Amino acid sequence: MQGSLFENDSSASTQKESPAKFRDLSDLYEQSKNCTRCRLAATRTNFVFGEGNPEAQIVVIGEAPGAEEDTQGRPFVGRSGKLLDKILEAIGFSRDDVFICNIIKCRPPENRNPLSDEIECCMPWLKTQLQLIKPKILLLLGRVAANTVLDNKQSMGNLRGKIIRWSGYDVIVTYHPAALLRNPNWKRHCWEDVKMLRSHYDTLQS
Ligand code: URA
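Taking 1.5 Å per residue, twelve residues should reach 16 Å; helix H4 (residues 79-90) reaches 17 Å between its end C-alpha atoms and fits that length. Turning to H4, its buried residues number three or more, namely Ser80, Gly81, Leu83, Leu84, Ile87 and Leu88. Burial along H4 is one-sided: seen end-on, the buried residues are contained in an arc of 160°. When the buried face of H4 is taken as reference, the exposed residues oriented beyond 90 degrees from it are Arg79, Lys86 and Glu89. A positive phi of about 80° marks glycine 92, the residue just after H4.

Okay, structure coming up:
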């Protein structure tokens, strides 16, 4: 049940941008793009909402926009994004088949990790995106995305390589493309994870 995401989320139920208020993803974009919920609004160039198929069965979630994403206002368009495109292509998907977004919609200065209060401010946007898109599968890229969405502190070794049933979604965790660029040895694990994603997606179609 997608709505269960909002349980225990007092910020989502009390904020004026409650999920019920948004007609669709475009409406959510219009109402979120000038967000000033946290300090990152002051240093961003663009709010990076996310892009792709508004009815995607798969939502790919990264950590936060980098410099190139901040400039273009689009997720995963820098070096990591090129690798993500290749990973998706390798399992027969294009960017238009999925929806790609991040935990945090604005670039943290100097690409530092998002702070916990920034994550807290931004999560209602992601939760609302998921509520509107209603995907079946979430692909979480990297530990920050995984630990944030799943609300745990588990290691990548514990999280990857399996399907985690969470809040009505089938969740697959794999390495962030930036980590794969630094450690190409992890690519074979990522390949296993995304092959599993593809076969699970195919099973859900039948
Ligand atoms: N890294 C991310 O996590 N997200 C982006 O959009 C780009 C790089």
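Still to come is the rest of the account.
To continue, consider unusual backbone geometry. In this structure, phenylalanine 76 takes a positive phi of about 50° despite not being glycine. With respect to the helices, strands and loops of the structure, phenylalanine 76 is situated in the loop between helix H3 (67-72) and H4. Assessed through its relative accessible area of 4%, phenylalanine 76 is described here as buried. Residues other than glycine seldom take positive phi values, yet serine 167 does so here, at roughly 50°. For serine 167, the location among the structural elements is in the loop between strand S5 (163-166) and strand S6 (169-174). In this structure serine 167 comes out as partly exposed when scored by relative accessible area, which is 24%.

We now examine helix H2 (residues 25-32). All of the buried residues along H2 are Leu25, Asp27, Leu28 and Ser32. The buried residues of H2 occupy an angular sector of 155° when projected down its axis, which confines them to one face. In this structure, the buried residues of H2 make contact with strand S3 (99-102) and helix H5 (116-133). The N-terminus of H2 is capped by aspartate 24, whose side-chain oxygen sits 3.2 Å from the backbone nitrogen of serine 26.

Our focus in this paragraph is the environment of serine 94. Inspection of the secondary structure assignment puts serine 94 in the loop between H4 and S3. Classification of serine 94 as partly exposed rests on a relative accessible area of 32%. Sequence separation of serine 94 and leucine 28 is 66 residues, and the distance between their C-alpha atoms is 23 Å.

If you walk across this open sheet you meet the six strands as S1-S3-S2-S4-S6-S5, and the pairing is mixed. Either end of the sheet is taken by a strand with one partner, and the two such strands are strand S1 (51-52) and S5. In this sheet, S3 lies alongside strand S2 (residues 58-62) in parallel orientation, the contact comprising four bridges. In the strand pairing of S3, glycine 62 is matched with asparagine 102. Lying over the sheet, helix H6 (residues 143-150) contacts S2, strand S4 (137-141), S5 and S6, oriented at roughly 135° with respect to S4.

Counting residues in each nonpolar core, the largest one holds 57 residues, and the members touching the most others are Ile103, Leu138, Leu140, Val171 and Val173. Looking at which element gives the most residues to this core, the answer is H5, with seven residues. Setting aside chain neighbours within four positions, we find leucine 138 in contact with Val59, Leu130, Val149, Trp166, Tyr169, Asp170, Val171 and Ile172.

Following the criterion strictly, the structure yields six aromatic pairs and no others. When the centroid spacing of 5.3 Å and the interplanar angle of 70° are considered together, the rings of tyrosine 29 and phenylalanine 49 count as edge-to-face. With tyrosine 29 in helix H2 and phenylalanine 49 in the loop between H2 and S1, the pair connects residues that are 20 residues apart, well separated along the chain. Overall, tyrosine 29 belongs to the partly exposed group, its relative accessible area being 31%. Residues tryptophan 166 and tyrosine 169 carry aromatic rings whose centres are separated by 6.2 Å and whose planes lie at 25° to one another, so their mutual orientation is stacked. Exposure remark for tyrosine 169: the relative accessible area of 0% places this residue in the buried category. The ring of phenylalanine 93 carries arginine 198 above its face, with NZ or CZ at 4.4 Å from the centroid.

About the criteria used
- Note on numbering: residues in each chain are counted from 1, in written sequence order.
- Only residues with pLDDT of at least 70 get local features here, since the model is predicted, and only at 80 or more are side-chain atom pairs given and counted; chain-wide, interface and lining totals rely on the full set of residues.
- No hydrogens and no water enter the side-chain calculation; it runs on all heavy atoms of the structure.
- The secondary structure listing takes helices from DSSP runs of H or I that are at least 4 residues long and strands from runs of E that are at least 2 residues long, numbered from the N terminus.
- Here the expected span of a helix is defined as 1.5 Å times the quantity of residues minus one.
- Relative accessibility under 20% of the residue-type maximum defines a buried residue, over 50% an exposed one, and the middle range a partly exposed one, all with a 1.4 Å probe and only protein chains included.
- Here the arc refers to the set of directions running from the helix axis out to each C-beta atom.
- Contact definition: two residues touch when any of their heavy atoms are within 4.5 Å.
- Polar contact is defined as a pair of N or O atoms within 3.5 Å, subject to the rule that within protein one atom must be able to donate a hydrogen and the other to accept it, and that residues adjacent in sequence are counted only when both atoms are side-chain atoms.
- Criterion used throughout: strands pair if DSSP finds at least two bridges between them.
- An axis is simply a line fitted to the C-alpha atoms; with a helix, the fit covers only the stretch in contact. Between two such axes, the angle follows the N-to-C directions and lies from 0 to 180 degrees.
- What makes a nonpolar core is a set of buried Ala, Val, Leu, Ile, Met, Phe, Trp, Tyr and Cys residues whose side-chain atoms join them at distances within 4.5 Å.
- Note on ring pairs: Phe, Tyr and Trp rings are taken, using the six-membered ring of Trp, and paired if centres are within 6.5 Å. Classes follow the plane angle, with under 30 degrees stacked, over 60 edge-to-face and the rest tilted.
- For a ring to carry a charge above it, either NZ of a lysine or CZ of an arginine must fall within 6 Å of the ring centroid while also lying within 35 degrees of the normal to the ring plane.

Note that all results are geometric; they support no functional claim without further evidence.
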